[in-house]
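What follows is each chain in one-letter form.
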Amino acid sequence: MAELTIHAVEKESAKVLYPNGYINAHTVQDFEKSIQSILEEKAYKIVINCNELEYINSSGLGVLMGVVEEITENEGFLWLSNMNETVFNIFDTLGFTHLFNVYQTEEEALEAIK
Amino acid sequence: MNDLHTGKVEITFPSHTQFVHMITMLASNAATVAGFDEKQAGKVAIATDEAVTNVIRHAYGGRSDRLISFTVEITPESLILKVAHTGQGLKKSDIKLPVMKEYLQKKKPGGLGLFIINKFMDEVDYLDGEENCCLMTKYRNKAGNQGAKAD
C-alpha cells in the first residue's frame with residue numbers, strides 16, 4: 001500500500017476527498033497540497049471520507065486547523081466521515097469534533113448539505 | 001488468549017520520517033501482544049508517532065542522518081516505550097501543554113504532539129543525560145485501558 005494517496009470527487013456541490021493510507025510527518029505535505037489545490041479552485045465545501053485513513057497525527061490536524069478559517073470565511077465547510085476508532089479518538093480527545101462536523105457515513109454528510 | 005510473555009524489543013533507525021510509520025506499527029503490534037484492545041493499541045501507535053516525530057523535528061532539528069533508538073518492553077504490569085536520541089533534550093519542567101479550548105479558538109497549527117502523548121499514555125517522562133529519551137507507559141490494569149488482561 002502506498003503511504004498516502006488522495007483522490008477527490010465532486011458530489012452534491014462538495015469536493016469529497018478520499019485519503020488512503022496514513023497522515024503523519026512523512027505524508028503531511030501531500031495532504032496539505034491536496035487541500036490547498038481544492039482551495040485554489042475556490043471550492044470551499046469539503047468532505048473528507050476517512051474510510052481508508054489508517055491514522056492522522058498532529059501534523060495532519062495542523063493542516064486542518066490552518067485552513068478552517070479560510071473555509072468558514074468563504075461560507076464553506078470542512079466535514080469528515082467514516083472515521084475508524086483511532087482517527088475518531090484523536091479528534092475527540094483534542095476537541096476537534098467541536099470545530100469539524102463528523103458523520104458516520106459519507107451519505108449522511110452529503111445528505112446534510114441538501 | 002495465550003499466557004502473556006514478557007520481553008523487550010529494541011531497534012535503532014535513522015532519523016528520517018519514512019521510518020516513523022514502521023515504528024508506529026511495531027508499537028501498535030506490541031500493545032496487541034501485551035493484551036491491549038484495538039482502541040488502546042491505536043492510542044499507543046499515535047503517541048509513538050508523535051514522540052518519534054518530535055525527536056526528528058525538534059531534538060535533531062529535521063536532520064535525517066542521526067539515529068533514534070526505540071525500545072518496547074512488555075512487563076506483567078505495563079507496556080513501556082522508550083524513544084532515545086542524542087539530540088537536544090527536552091526537560092519535563094519546560095513543557096507547557098496547550099489549553100485546548102484556547103488553542104481551538106486561536107486556530108493556530110502546531111504544538112499538539114506533546115498534548116496527544118500525555119492524553120494517550122498513562123505516564124510520560126523525559127530523561128536527559130548522555131542519551132535523552134521520552135519514556136511512555138501504559139498500564140494493563142488501569143481503568144479505561146479495556147482489553148488489557150493480566151494473565
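Fair warning: this is a prediction, and the values are worked out from it, not measured in the lab. (Residues numbered from 1 in each chain as written. Chains lettered and ligands numbered in written order. Predicted model: local features only at pLDDT ≥ 70, side-chain atom pairs only at ≥ 80, totals over all residues.)

## Regarding the overall build of chain B
Then step 1. Per the secondary structure count, chain B includes four helices and five strands.
Then step 2. In sequence order, the secondary structure elements of chain B are arranged as β-α-α-β-β-α-α-β-β.
Then step 3. Here the C-alpha radius of gyration of chain B, 15 Å, is about what a compact globule of 151 residues would show, namely 15 Å.
Then step 4. Taken along the three principal axes of its C-alpha coordinates, chain B extends 45 × 40 × 25 Å.
Then step 5. Every one of the 151 residues in chain B was classed for burial, and the buried ones make up 37%.
Then step 6. Of all intrachain contacts in chain B linking residues separated by at least 6 positions in sequence, the fraction that spans at least 24 positions is 68%. (Helix = DSSP H or I, 4+ residues; strand = E, 2+ residues; numbered from the N terminus. Rg over C-alpha atoms; globule rule 2.2 N^0.38 Å. Buried ≥ 20, exposed ≤ 12 C-beta atoms within 10 Å, placed from the backbone. Contact = placed C-beta atoms within 7 Å.)

## Some remarks on the environment of leucine 90 of chain B
Residue and element names in this part refer to chain B.
Then step 1. Of note, leucine 90 is situated in the loop between β3 (78-85) and α3 (100-106).
Then step 2. We classify leucine 90 as buried; it has 20 C-beta atoms within 10 Å.
Then step 3. With 32 residues separating them along the chain, leucine 90 and histidine 58 place their C-alpha atoms 9.2 Å apart.
Then step 4. Setting aside chain neighbours within four positions, we find leucine 90 in contact with Ile95 and Tyr126.

## So, the confidence of the model for chain B
Then step 1. With 91% of its residues at a pLDDT of 70 or more, chain B has an overall mean of 89.
Then step 2. Both scores are given for the predicted complex: the pTM is 0.91, the ipTM 0.92. (pLDDT = per-residue confidence, 0-100.)

## Things to note about helix α1 (residues 20-33) of chain B
All names here are of chain B.
Then step 1. With 14 residues, α1 should reach 20 Å at 1.5 Å per residue; the first-to-last C-alpha distance of 20 Å fits that figure.
Then step 2. What α1 keeps buried is the set Val20, His21, Ile23, Thr24, Ala27, Ser28, Ala30 and Ala31.
Then step 3. Two residues or fewer past α1, glycine 35 is found with a positive phi of approximately 100°. (Expected span 1.5 Å × (residues − 1).)

## Observations regarding unusual backbone geometry
Residue and element names in this part refer to chain A.
Then step 1. One non-glycine residue, serine 13, lies in the positive phi region at around 65°.
Then step 2. Mapped onto the elements, serine 13 comes out in the loop between β1 (4-11) and β2 (14-23).
Then step 3. Since 10 C-beta atoms lie within 10 Å of it, serine 13 is described here as exposed.
Then step 4. Positioned with a positive phi, glutamate 75 is a non-glycine residue whose angle comes to about 55°.

## Quick notes on the packing of helix α3 (residues 85-94) of chain A against helix α2 (residues 38-59) of chain B
Then step 1. Running from N to C, α3 of chain A and α2 of chain B point in directions that differ by 65°, and their axes come no closer than 9 Å. For the crossing formed where α3 of chain A meets α2 of chain B, the hand is right-handed. In contact with Glu85, Thr86, Asn89 and Ile90 of chain A of α3 of chain A, α2 of chain B contributes Glu38, Lys39, Gly42, Lys43, Ala45 and Ile46 of chain B.
Then step 2. Broken down by class, the residue content of the contact of α3 of chain A with α2 of chain B amounts to three nonpolar, three polar and four charged. (Axes fitted to C-alpha atoms, helices over the stretch in contact; angles between N-to-C directions. Left-handed = near helix turned anticlockwise from the far one by under 90°. Nonpolar A, V, L, I, M, F, W, Y, C, P; charged D, E, K, R; others polar.)

## Observations concerning the pairing of strand β4 (residues 123-127) of chain B
Residues and elements named next belong to chain B.
Then step 1. Looking at chain direction, β4 and strand β5 (residues 132-139) are connected through five bridges and run antiparallel. Across the sheet, residue valine 124 finds its bridge partner in β5, namely methionine 136.
Then step 2. Where β4 folds back onto β5 in an antiparallel hairpin, the turn is made up of four residues. (Pairing = 2+ DSSP bridges.)

## Section: the environment of methionine 136 of chain B
Residue and element names in this part refer to chain B.
Then step 1. Of note, methionine 136 is situated in strand β5.
Then step 2. Sequence spacing of methionine 136 and threonine 6 is 130 residues, and the spatial spacing of their C-alpha atoms is 17 Å.
Then step 3. When sequence neighbours within four positions are dropped, the list of residues in contact with methionine 136 reads Ala47, Ala51, Leu81, Ile117, Met121 and Val124.

## Examining the interface of chain B and chain A
Then step 1. Counting from both sides, the interface comprises 25 residues of chain B and, opposite them, 23 residues of chain A.
Then step 2. For the side of chain B that touches chain A, the secondary structure elements donating two or more residues are α1, α2, α3 and α4 (113-120) of chain B.
Then step 3. When residues in the side of chain B that touches chain A are grouped by element, the largest group, 11 residues, is from α2 of chain B.
Then step 4. Counted by class, the side of chain B that touches chain A contains nine nonpolar, seven polar and nine charged residues.

## As for the packing of α2 of chain B against α4 of chain B
When two helices pack together, their arrangement is captured by the angle between the axes and the distance separating the axes.
All names here are of chain B.
Then step 1. Across the interface, α2 lies against α4 with an axial gap of 9 Å and an inter-helix angle of 145°. At the point where α2 passes α4, the crossing takes the left-handed sense. In contact with Lys43, Ile46, Ala47, Glu50, Ala51, Thr53 and Asn54 of α2, α4 contributes Gly113, Ile116, Ile117 and Phe120.
Then step 2. Considering only residue class, the contact of α2 with α4 consists of six nonpolar, three polar and two charged.

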